[in-house]
Amino acid sequence: MTGSVKPAHLATFSTIATLALALMPISPALRAAPAKALPPSMPFADSAFESVWTRNDQPVAAKAIARSWTWGPAPNQAGMEEYTDAPDGSGKRLVQYFDKSRMEINDPKVSPDNKWF
């Protein structure tokens, strides 16, 4: 068969392509500032994050309901990350990472009582 690709060649090509993509440098514009780990005495970076987690995932943690996590079992890293469109002009926003997702405070001037905070 002339012109056909043998499975061994395809596997080699796939491996090389995967390695090449993994080694490509990431543009500085796409890199977020690394979030920092929180001390155990302060597991949530903001009380708003804790309120949302408590409402959604505390029942899962307490085994009061049987469903998957919305955010994850506990907060992970948190910190200020670049956010060009920050309404307060700071160019940053507070983020909190969890096992399955992350929370963000995009506009710290909005009242924390606002459901869209």
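Our structure's up above, just so we're on the same page.
Overview of the structure. Small disclaimer: the values here were computed from a predicted structure and weren't measured. (Residues numbered from 1 in each chain as written. Predicted model: local features only at pLDDT ≥ 70, side-chain atom pairs only at ≥ 80, totals over all residues. Heavy atoms only, no water.)

## Side note on the pattern of salt bridges
On inspection of all chains with the given rule, the structure shows 5 salt bridges. Here R102 ties to E81 by a salt bridge, and the two come within 2.9 Å at their closest N and O atoms. Taken together, the residues R102 in strand β3 (residues 102-105) and E81 in strand β1 (residues 75-82) connect sequence positions 21 residues apart. Judged by relative accessible area, R102 falls into the partly exposed class, the value being 24%. A salt bridge links E104 to R102; the nearest nitrogen and oxygen atoms lie 2.6 Å apart. The network of salt bridges with common partners includes E81, R93, R102 and E104. (Salt bridge = Lys/Arg side-chain N within 4 Å of Asp/Glu carboxyl O. Helix = DSSP H or I, 4+ residues; strand = E, 2+ residues; numbered from the N terminus. Buried < 20%, exposed > 50% of the residue type's maximum accessible area, 1.4 Å probe, protein only.)

## Focus on the packing of aromatic side chains
One pass over the structure, following the stated rule, counts 3 aromatic pairs. Summarising the aromatic geometry, the rings of F44 and W53 are spaced 5.9 Å apart at their centres and angled 50° between planes, so their arrangement reads as tilted. Residues F44 and W53 agree in their burial class; the two are buried. Taking 6.3 Å as the distance between ring centres and 45° as the angle between the ring planes, the aromatic pair formed by F44 and F98 counts as tilted. On the criterion of sequence distance, the pair formed by F44 in the loop between α1 (7-23) and α2 (47-61) and F98 in strand β2 (residues 92-98) is long-range, its members being 54 residues apart. Owing to a relative accessible area of 12%, F44 belongs among the buried residues under this scheme. Three or more aromatic residues link up through ring pairs in this structure, and these residues are F44, W53, W71 and F98. (Phe/Tyr/Trp six-rings, centres within 6.5 Å; stacked < 30°, edge-to-face > 60°.)

## Examining the nonpolar core
Membership of the largest hydrophobic core is limited to 12 residues, which are F44, A45, A48, F49, W53, W71, A78, L94, F98, M103, I105 and F117. Breaking this core down by element, the ones donating at least two residues are α2, β2 and β3. Residues contacting I105, with those up to four places away along its chain left out, are D46, F49, R93, L94 and F117. (Core = buried A, V, L, I, M, F, W, Y, C linked by side-chain atoms within 4.5 Å. Contact = heavy atoms within 4.5 Å.)

Limitation: the analysis is restricted to geometry and does not speak to function.
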